[in-house]
Amino acid sequence: MEAILSAYRERLSRLRDNSNPYSAGIAWVAGEIVPLLEAKIPLIDQGFMHSDLTYDVVSVWDGRFFRLDDHIDRLEASCSRIRLRIPLEKNKLKGILVDMARQSRIPDACVQIVVTRGLKGVRANKLEHLTNLLYILLVPYVWLMEPEAQYHGGRAVVAKTVQRVPPGAMDPTVKNLQWGDFTRGMFEASDRGAEYAFLTDGNQNLTEGPGFNIHLVKDGIIHTPDRGCLHGITRDAVFEIAKANGIEAQAEAVPVEMAYRCDEIFTSTTAGGILPITALDGQPVHEGKVGPITRIIRDAYWTMHRDPVHSLDVFGVESHG
Ligand code: PLP
């Protein structure tokens, strides 16, 4: 992990010395590439008016997109569940993403791809008369837990003041920006001296947190909620790594009380990877230290970023854009 992070810090300091106008971020709006802060959306876009949208976030790490096809496939699936359509073919979209990464020359990035309903809403309009819109923004890599904090891990609480919106109201497998419940959870976490909120389903089970999936390790087995949460691409990587290392990993209903008697806790997200949680509700987890299974998964996760099966070299491929 230290080698990964020190190489990252070097790339980051080179990026900071860079005078490229896109080095702070680049956006694609209506077919045009612009510096991030110059990007605009029409106020009447239903994505803004009613959060009528879906999105996905993929990372670029050391010049390589990580699991790009998986992210685009999930975006397509999200779109189809809420009757949206990505207004570009997959190869064209990939070409634009590669061009953006190349033009920005940001070696480590998070790339948000947003599909909105467009300028007309669903009320009084037929689906075939709606034109969905696409926005893409690429920014320097975002850490849900700062790299330095990853050595000792973060503090989480099980939120008491808010529960995750039920799947019957908002389908959590459709990545969405209706973060009202998460925002309340983050305020509660901060009020209780923690950084991360775990939301329950209101029925004694864990779901997920603001921007991450939750994993509990108990007696050598990884348990992660199978419902009420996004099917994270990082979580898929956790399953693959666990299997390759002979560690059992199960997606299932995960009762909240398991979090208080488990051996290790970590979260997973594109924005930071595998994040150890070493305190829950003010009590140490694994004596306040990063646990051995968390380390195995985390190290393998970063190694996976160089595997050509899972990554696409931004500077070594032909752009399709
Ligand atoms: N759950 C939520 C609500 C998220 O927003 C995210 C990612 O942003 C995740 C889970 C983790 O998903 P992934 O691993 O695909 O980034």
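Residues numbered from 1 in each chain as written. Predicted model: local features only at pLDDT ≥ 70, side-chain atom pairs only at ≥ 80, totals over all residues. Heavy atoms only, no water.

### Side note on the site of the ligand
Item 1. Around the ligand, the surrounding shell holds 16 residues, and the nearest of these are Lys175, Glu208, Ile233, Thr234 and Thr270.
Item 2. Between the ligand and Lys175, the relevant distance is 2.6 Å, taken from an oxygen atom to a side-chain nitrogen or oxygen of the residue.
Item 3. In the environment of the ligand, an oxygen atom lies 2.8 Å from a nitrogen or oxygen atom belonging to the backbone of Ile233.
Item 4. Protein burial of the ligand: of its 380 Å² of free accessible surface, 93% is covered by the chains.
Item 5. Contributing elements (two or more residues each) for the shell around the ligand: β9 (208-209), β10 (212-218), α6 (233-244) and β13 (264-269). (Near = heavy atom within 4 Å. Polar contact = N/O pair within 3.5 Å; in protein donor to acceptor, adjacent residues only side chain to side chain. Areas by Shrake-Rupley, 256 points an atom, 1.4 Å probe, with all protein chains shown as cover. Helix = DSSP H or I, 4+ residues; strand = E, 2+ residues; numbered from the N terminus.)

### Some words on the side chain of Glu264
Item 1. With respect to the helices and strands, Glu264 occurs in strand β13.
Item 2. Despite being buried, Glu264 has no salt bridge partner; Arg295 is the closest side chain of opposite charge, sitting 7.6 Å away.
Item 3. Here Glu264 is in contact with His215, Leu216, Val217, Val285, His286, Gly291, Pro292, Ile293 and Thr294, once residues within four sequence places are set aside. (Buried < 20%, exposed > 50% of the residue type's maximum accessible area, 1.4 Å probe, protein only. Lys, Arg positive; Asp, Glu negative; His and termini not counted. Salt bridge = Lys/Arg side-chain N within 4 Å of Asp/Glu carboxyl O. Contact = heavy atoms within 4.5 Å.)

### Notes on the confidence of the model for the protein
Item 1. Within the protein, residue pLDDT values average 96, and 98% of them lie at 70 or more.
Item 2. Confidence metrics for the complex model read pTM 0.96 and ipTM 0.99. (pLDDT = per-residue confidence, 0-100.)

### Here's the deal with the sheet that holds strand β16 (residues 311-313)
Item 1. The antiparallel open sheet is built from seven strands, whose spatial order is β2-β1-β6-β5-β3-β4-β16. Whereas interior strands pair on both sides, the edge strands pair on one side only; in this sheet they are β2 (32-35) and β16. Strand-to-strand twist of the sheet, defined as the mean angle between neighbouring strand axes without regard to direction, takes the value 25°.
Item 2. Sheet analysis places strand β4 (residues 64-66) next to β16, joined by three bridges and oriented antiparallel. Directly across from Arg64, in β16, lies its bridge partner Asp313. (Pairing = 2+ DSSP bridges. Axes fitted to C-alpha atoms, helices over the stretch in contact; angles between N-to-C directions.)

### Some remarks on the packing of aromatic side chains
Working definition: an aromatic ring pair is given by the centre-to-centre distance plus the angle between the planes.
Item 1. Under the defined criterion, the tally for this structure stands at 13 aromatic pairs.
Item 2. Taking 5.3 Å as the distance between ring centres and 15° as the angle between the ring planes, the aromatic pair formed by Tyr8 and Trp61 counts as stacked. Residue Tyr8 is found in helix α1 (residues 2-16), and its partner Trp61 is found in strand β3 (residues 53-61); the two are separated by 53 residues along the sequence.
Item 3. By relative accessible area, Trp61 is classed as buried at 6%.
Item 4. Taken together through their ring pairs, the aromatic side chains of Tyr8, Trp61, Phe66, Tyr141, Trp143, Tyr301 and Trp302 make up a single cluster. (Phe/Tyr/Trp six-rings, centres within 6.5 Å; stacked < 30°, edge-to-face > 60°.)

### Re the environment of Thr267
Item 1. Inspection of the secondary structure assignment puts Thr267 in strand β13.
Item 2. Considered as a pair, Thr267 and Val256 are 11 residues apart in the sequence and their alpha carbons are 15 Å apart.
Item 3. Excluding its chain neighbours within four sequence positions, the residues that come into contact with Thr267 are Phe198, Phe212, Asn213, His215, Gly273, Ile274, Leu275 and Ile277.

### Quick look at the pattern of salt bridges
Item 1. Within the structure shown, the criterion is met by 21 salt bridges.
Item 2. One salt bridge in this structure joins Arg11 and Asp62, with 3.7 Å as the shortest N-O distance. Taken together, the residues Arg11 in helix α1 and Asp62 in the loop between β3 and β4 connect sequence positions 51 residues apart.
Item 3. Classification of Asp62 by relative accessible area gives partly exposed; the value is 30%.
Item 4. Via salt bridges that share partners, Arg11, Asp62, Asp108 and Arg306 belong to a single interconnected network.

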